Amino acid sequence: MPQMGVSVAEGTIVAWHKRVGDWVEADETLCEISTDKVDTEVPSPASGRVLEIVAEVEQTVAVGALLARIGTDAVAGEPHPDEHLDAERERPAAHGDDEQPASQQDGHAHYSPVVLRIAQREGVDLRQVDGSGRDGRVRKQDLLAFIEQRGDDLQEPPLHIDSPYREETVAPEPLAGEQGERLSRMRRSIAEHMVRSLQTAAHCTSIVEADMSALEVEREKLGLSYLPFVARCAIDALQAHPTLNVTFDGDTLVRHRDVNLGIAVSLGEDGLIVPVIHRAQELSHQGLASRIAELAQRARAGQLSADEVHGGTFTITNPGGYGTLASTPIINQPQVAILDLEAVVKRPVVVGDDAGRDSIAIRPMANLCLSWDHRALDGALAAKFLATLRRRIEKWGGA
């Protein structure tokens, strides 16, 4: 099991691309592994014949553990040893998920589960992708290069919208009868992580509403969403209230100097992933916008490294982009708080002038929902953080 990042300690075998007796070239994909939420293809370290597969599909192994044995003294072109073929015929082919085979044929092309998932998510016809693998096989690198090349012609889905109201869509056809479907690895990972968080943290949620008028002017001028502005304000608020920029290490709270900001990115039906912007305090709102867009695109293309989804100290989730008005998000362990940005909606509010007179005005308003861990914080600290955050949003560009 190779080391794929300083924070990665183990991985789960997703699928084998080779069986016992197969010839494998150096750097040819040998198997696929899943580390937390990132799927990765493992290349063969040398050319030779696969003598033994030690780690089976769905088995979780530590970094450095033996996955397979390869005979480097074998000769390419020799037939499979009979005993290996007989053994292989007697056992079923290795699969990743029960519903998904380890590879799929389309003419002479072979597609791995990782390639198939990325292609389905990005809407790519794999017949249009030139493969650089053996016998023209499309590898993950080929697909990612194809997606990147066409990226200039595609519009990235917005990370936030101005209104929760959507046009009517056609509802999907109901299933004829009930069907059982096993959870994907990502959904199982999410489920485990969320349940563990609920069982571990003493969840509380505090909510304030903020007038987004000041951000509205600037974001329209720059053509950006609200998210990078709110992220920049949240970073400032975390630096003013560092008790929220901490993580649990057992019974110890670790206070962090850097704000390593996690941004939740939806992968549609596949689930979600939280890439991390390390040292986010060093970026402006425009720098954050660029970095968020880059990470979101790479997350949806399955291109994130293991280290890019670890080490976060605070997370922002953005369901308001899909129209919700209030939520109670689950804390991303081992962090102690998560900020939820809801839909920005124009509504009547009471405003005052310099003379103290009140009036009714139409303002773009949004709820800011903070889930926090009562083991580490009290309500007053959460409220002070939200007050600072709201003040920085409403006074954006001011003194």
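Residues numbered from 1 in each chain as written. Predicted model: local features only at pLDDT ≥ 70, side-chain atom pairs only at ≥ 80, totals over all residues. Heavy atoms only, no water.

Engineer: Any chance you could explain the sheet that holds strand β1 (residues 10-16) here in plain terms?
Structural biologist: By definition, the strands of a sheet pair up through backbone hydrogen bonds, in either a parallel or an antiparallel sense. An order of β4-β3-β1-β6 is seen for the four strands of this open sheet, with the pairing classed as antiparallel. Each edge of the sheet is formed by a strand with only one pairing partner; in this case those strands are β4 (38-43) and β6 (60-62). Between one strand axis and the next, the sheet turns by 40° as a mean value, whatever way the strands run. Across three bridges, the pairing between β1 and β6 is antiparallel. Its bridge partner lying in β6, G11 is registered against V61. (Pairing = 2+ DSSP bridges. Helix = DSSP H or I, 4+ residues; strand = E, 2+ residues; numbered from the N terminus. Axes fitted to C-alpha atoms, helices over the stretch in contact; angles between N-to-C directions.)

Engineer: Is there a simple way to think about the sheet that holds strand β7 (residues 68-71) in this case?
Structural biologist: With antiparallel pairing, the three strands of this open sheet are ordered in space as β2-β5-β7. Each edge of the open sheet carries a strand with a single partner, namely β2 (23-24) and β7. In terms of strand pairing, β2 meets strand β5 (residues 48-53) through two bridges, oriented antiparallel. Among the inter-strand pairings, V24 is bridged to a residue of β5, identified as G48.

Engineer: How do you make sense of the pairing of β1 when you look at a structure like this?
Structural biologist: Put simply, side chains in a regular strand alternate between the two faces of the sheet. β1 sits mainly inside the fold: six of its seven residues count as buried. Direction of pairing for β1 relative to strand β3 (residues 29-35): antiparallel, over a ladder of four bridges. Paired with A15 across the bridge in β3 is E32. (Buried < 20%, exposed > 50% of the residue type's maximum accessible area, 1.4 Å probe, protein only.)

Engineer: Would you take a moment to explain helix α4 (residues 185-200) for this structure?
Structural biologist: The end-to-end C-alpha distance of α4, which contains 16 residues, comes to 22 Å, matching closely the 22 Å that a straight helix rising 1.5 Å per residue would cover. Listed in full, the buried residues belonging to α4 are R185, M186, S189, I190, H193 and S197. All buried residues of α4 lie within an arc of 135° about the axis, which places them on one face of the element. Within α4, the exposed residues directed more than 90 degrees away from the buried face are E192 and Q199. (Expected span 1.5 Å × (residues − 1). Arc of directions from axis to C-beta.)

Engineer: Any chance you could explain the packing of helix α6 (residues 227-240) against helix α8 (residues 379-394) here in plain terms?
Structural biologist: Geometrically, a packed helix pair is captured by the angle between its two axes and the distance between the axes. At their nearest, the axes of α6 and α8 sit 9 Å apart, and the two run at 135° to each other. Judged by the angle between their axes, α6 and α8 are oblique. Seen along the crossing, α6 lies across α8 with a hand that is right-handed. Contacts between α6 and α8 involve V230, C233, A234, D236, A237, L238 and A240 from the first element and F385, T388, L389, R392 and I393 from the second. Per-class residue counts for the contact of α6 with α8 are nine nonpolar, one polar and two charged. (Parallel < 35°, antiparallel > 145°, perpendicular 65-115°, else oblique. Left-handed = near helix turned anticlockwise from the far one by under 90°. Contact = heavy atoms within 4.5 Å. Nonpolar A, V, L, I, M, F, W, Y, C, P; charged D, E, K, R; others polar.)

Engineer: Hey, could you run me through the nonpolar core in this one?
Structural biologist: One recurring pattern in soluble globular proteins is that nonpolar side chains are buried together. Formed by 52 residues in total, the largest nonpolar core has its most connected members in L339, L370 and L389. For L339, the residues in contact, after removing those within four places along its chain, are V230, A234, F314, T315, I316, T317, L368, C369, L370, L386 and L389. Ranked by size, the runner-up nonpolar core spans 16 residues in total, among them M1, I13, C31 and I53. (Core = buried A, V, L, I, M, F, W, Y, C linked by side-chain atoms within 4.5 Å.)

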